[in-house]
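Now for the letters of each chain:
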Amino acid sequence: MRKFFVIIGMLLTVLGALCLDARPSAAQDQDQNKAAPYTMPEYNGFQACNAETNAQARVKCLDDFVAKFPNSSLMPYVYRLYYTSYNELKNYP
């Protein structure tokens, strides 16, 4: 009788494992294959502007970035950098 309960328990465990949903691992694979919403030239251009120490040159760099990539997904970061640069220059347009 004891052997019977052990076999039933093992069968129920295997059945439960087979019934688990495999979607979470598939969704994880899709997230890994998804590309970044910006290109490398966009990212490099933003990083160049972000690394600029002179606020006047940084504003010019940001102007060039916006002219080249007007629909970039990095625009919220560009706007924040504009804000800090103009604040540093004490130029409040």
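Scroll up to find the structure this text is about.
Described below are features of the structure shown in this document. Every chain is numbered on its own, with residues counted from 1 as its sequence reads. The model is predicted, so local features are restricted to residues of pLDDT at least 70 and side-chain atom pairs to those at 80 or more, both for listing and for counting; the totals for chains, interfaces and linings are taken over all residues. Heavy atoms from the whole structure form the basis of all side-chain values; hydrogens and water molecules are not counted.

Here, nonpolar core means buried Ala, Val, Leu, Ile, Met, Phe, Trp, Tyr and Cys residues that are tied together by side-chain atoms lying within 4.5 Å of each other. Residue burial is assigned from relative accessible area. The probe radius is 1.4 Å, only protein chains are included, and a residue is buried under 20% of its type maximum, exposed over 50%, and partly exposed in between. Phe46, Cys49, Val59, Leu62, Phe65, Leu74, Met75, Val78, Leu81 and Tyr82 form the largest nonpolar core, which has 10 residues in total. Each helix is a run of DSSP H or I of at least 4 residues and each strand a run of E of at least 2, with the numbering of both proceeding from the N terminus. Elements represented by at least two residues in this core include exactly helix H3 (40-51), helix H4 (55-68) and helix H5 (75-89). The criterion used for residue contact is that any of the two residues' heavy atoms lie within 4.5 Å. Once residues lying within four places of it in the same chain are set aside, the contact partners of leucine 62 are Cys49, Val78, Leu81, Tyr82 and Ser85.

A few words on H3. Each turn of an α-helix holds 3.6 residues, which means side chains three or four residues apart point in the same direction. Compared with the 16 Å implied by 1.5 Å per residue over 12 residues, the 16 Å span of H3 between its first and last C-alpha is a close match. Here H3 has its buried residues at Glu42, Phe46 and Cys49. Taken around the axis of H3, the buried residues stretch over an arc of 60°, which confines them to a single face. In H3, the exposed positions angled more than 90 degrees off the buried face are occupied by Met40, Pro41 and Ala51. Expected span of a helix: the number of residues minus one, times 1.5 Å. Throughout, the arc means that of the directions going from the helix axis to the C-beta atoms.

Okay, H5 next. Under the 1.5 Å per step criterion, the end-to-end length of H5 is 21 Å for 15 residues, consistent within 8% with the ideal 21 Å. If you check which residues of H5 are buried, you get Met75, Val78, Leu81, Tyr82 and Ser85. Summarising the axial view, the buried residues of H5 lie within an arc of 115°, below the 170-degree limit, and thus occupy one face. Residues of H5 that are exposed and angled more than 90 degrees away from the buried face: Pro76, Tyr79, Arg80 and Tyr83. Elements in contact with the buried residues of H5: H3 and H4. Residue lysine 90 follows H5 closely and has a positive phi angle near 60°.

Turning to the state of the cysteines, a few remarks are in order. Whenever a pair of cysteine sulfur atoms sits within 2.5 Å, that pair is classed as a disulfide. All chains considered together, the criterion is met by one disulfide. Two residues, cysteine 49 and cysteine 61, share a disulfide whose sulfurs are 2.1 Å apart. With the S-S dihedral at roughly -85°, the linkage between cysteine 49 and cysteine 61 falls on the left-handed side. Placement of the pair is cysteine 49 in helix H3 and cysteine 61 in helix H4, with a sequence separation of 12 residues. With a relative accessible area of 1%, cysteine 49 lands in the buried category.

Mapped onto the secondary structure, tyrosine 86 falls in helix H5. Exposure remark for tyrosine 86: the relative accessible area of 23% places this residue in the partly exposed category. Placed 28 residues apart in sequence, tyrosine 86 and arginine 58 show a C-alpha to C-alpha distance of 9.6 Å.

For side chains bearing opposite charge, pairing can occur when the charged atoms are close. Put simply, a salt bridge is a Lys or Arg side-chain nitrogen that is within 4 Å of an Asp or Glu carboxyl oxygen. This model, assessed by the stated rule, comprises two salt bridges. A salt bridge links glutamate 88 to arginine 58, with the nearest nitrogen and oxygen atoms 3.5 Å apart. With glutamate 88 in helix H5 and arginine 58 in helix H4, this pair connects stretches of sequence that are 30 residues apart. Accessibility expressed as a relative area gives 47% for glutamate 88, which makes it partly exposed. The partner of aspartate 64 in a salt bridge is lysine 60, with the nearest N and O atoms 3.8 Å apart. You can see aspartate 64 and its partner lysine 60 sitting in helix H4, four residues apart, about one turn around the helix. Overall, lysine 60 belongs to the exposed group, its relative accessible area being 54%.

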